[in-house]
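These are the residues of each chain, in order.
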Amino acid sequence: MSDIEIRDDRTAGRLEAVAEGEVVGHIAYFVLAARGRALVPVHTIVEPAHEGKGIAGSLARELYLMAAREGIVVAPLCPYVVKWAERHPDEAPAADPQLIRAAKEWLVANPDRF
């Protein structure tokens with residue numbers, strides 16, 4: 001996977017995995033400002049031709065690293081990121097349940113965003 005670059009497109013709310021100039025996977029997320037700040041991943045997609053190469057895990061890891069660099073938490077709503085975090089508790093601190101609830105409320109109030 002050394003030929004995969006991970007880049008953050010904060011404006012679009014996408015953490016992208018890029019290979020040879022092509023986006024081969026991404027995590028769609030939003031930044032929650034209410035009740036403390038958090039990165040909230042909503043879904044993870046890897047193009048079928050690139051599945052099984054560890055791209056989704058690399059994206060999840062980078063999301064948590066980004067949050068740590070920014071001094072905020074990740075409040076995962078994406079099922080893949082939730083499972084990844086459960087398997088990597090040393091890299092993925094658990095979010096406060098109230099923050100998860102606030103993230104879900106934001107998503108319900110903004111259904112056209114995802």
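Being a predicted model, the structure only gives us computed values, none of them experimental.

Asker: Mind showing me how you'd approach the nonpolar core here?
Answerer: A general trend in soluble globular proteins is that nonpolar side chains are found buried together. Within the largest apolar cluster, 24 residues are counted, with the highest numbers of intra-cluster contacts made by Leu 15, Leu 39, Ile 55, Leu 63 and Tyr 64. The set of elements that each furnish at least two residues to this core consists of strand E2 (14-19), strand E3 (22-32), strand E4 (38-46), helix H1 (55-70) and helix H2 (79-87). Once residues lying within four places of it in the same chain are set aside, the contact partners of Leu 39 are Arg 10, Tyr 29, Phe 30, Val 31, Leu 63, Met 66, Ala 67, Ile 72, Val 73, Val 74 and Ala 75.

Asker: Where do I start with the sheet that holds E4 in this structure?
Answerer: Within a beta sheet, neighbouring strands are joined by backbone hydrogen bonds and run either parallel or antiparallel to one another. Strand order in the open sheet made by the five strands is E1-E2-E3-E4-E5, with mixed pairing throughout. Looking along the sheet, the strands with just one partner apiece sit at the ends: strand E1 (4-9) and strand E5 (73-74). Examined bridge by bridge, E2 and E3 share six bridges and lie antiparallel to one another. The residue of E3 that forms the bridge with Leu 15 is Ile 27. On the sheet, helix H3 (residues 97-109) packs against E3, E4 and E5 and is oriented at approximately 105 degrees with respect to E3.

Asker: Looking at this structure, how should I read the packing of aromatic side chains?
Answerer: Each aromatic ring pair is specified by the distance between its two centres and by the angle formed by the two planes. Scanning the entire structure with this criterion turns up three aromatic pairs. Here Phe 30 and Trp 106 contribute two aromatic rings whose centre-to-centre distance is 3.8 Å and whose plane-to-plane angle is 20 degrees, an arrangement assigned as stacked. Placement of Phe 30 in strand E3 and of Trp 106 in helix H3 is noted, with a sequence separation of 76 residues between them. For Trp 106, a relative accessible area of 26% corresponds to the partly exposed category. Between Phe 30 and Phe 114 the ring centres are 5.9 Å apart and the planes differ by 45 degrees, which places this aromatic pair in the tilted class. Placement of the pair is Phe 30 in strand E3 and Phe 114 in the segment after H3, with a sequence separation of 84 residues. A residue is classified by how much of its surface remains accessible, and Phe 114, at 33% relative accessible area, is partly exposed. One aromatic cluster in this structure is built from Phe 30, Trp 106 and Phe 114.

Asker: What am I meant to see in the layout of surface pockets here?
Answerer: A water-sized probe, rolled over the atoms, reveals where empty space remains. What the largest pocket holds in volume is close to 150 Å³. Along the walls of the largest pocket sit Arg 61, Tyr 64, Leu 65, Ala 67, Ala 68, Ile 72, Val 73, Val 74, Glu 91, Pro 93 and Ala 94, which together make up its complete lining. Residue assignment for the lining of the largest pocket shows that the elements contributing at least two residues are H1 and E5. Ranked by residue count, the leading element in the lining of the largest pocket is H1, at five residues.

Scoring rules and cut-offs
- Residues numbered from 1 in each chain as written.
- Predicted model: local features only at pLDDT ≥ 70, side-chain atom pairs only at ≥ 80, totals over all residues.
- Heavy atoms only, no water.
- Core = buried A, V, L, I, M, F, W, Y, C linked by side-chain atoms within 4.5 Å.
- Buried < 20%, exposed > 50% of the residue type's maximum accessible area, 1.4 Å probe, protein only.
- Helix = DSSP H or I, 4+ residues; strand = E, 2+ residues; numbered from the N terminus.
- Contact = heavy atoms within 4.5 Å.
- Pairing = 2+ DSSP bridges.
- Axes fitted to C-alpha atoms, helices over the stretch in contact; angles between N-to-C directions.
- Phe/Tyr/Trp six-rings, centres within 6.5 Å; stacked < 30°, edge-to-face > 60°.
- 1 Å grid on protein atoms, 1.4 Å probe; cavity = no way out; pocket = protein on both sides within 12 Å on 5 of 7 lines; lining within 4 Å.
- Points joined across faces, edges and corners; volume = space filled by probe spheres on them.

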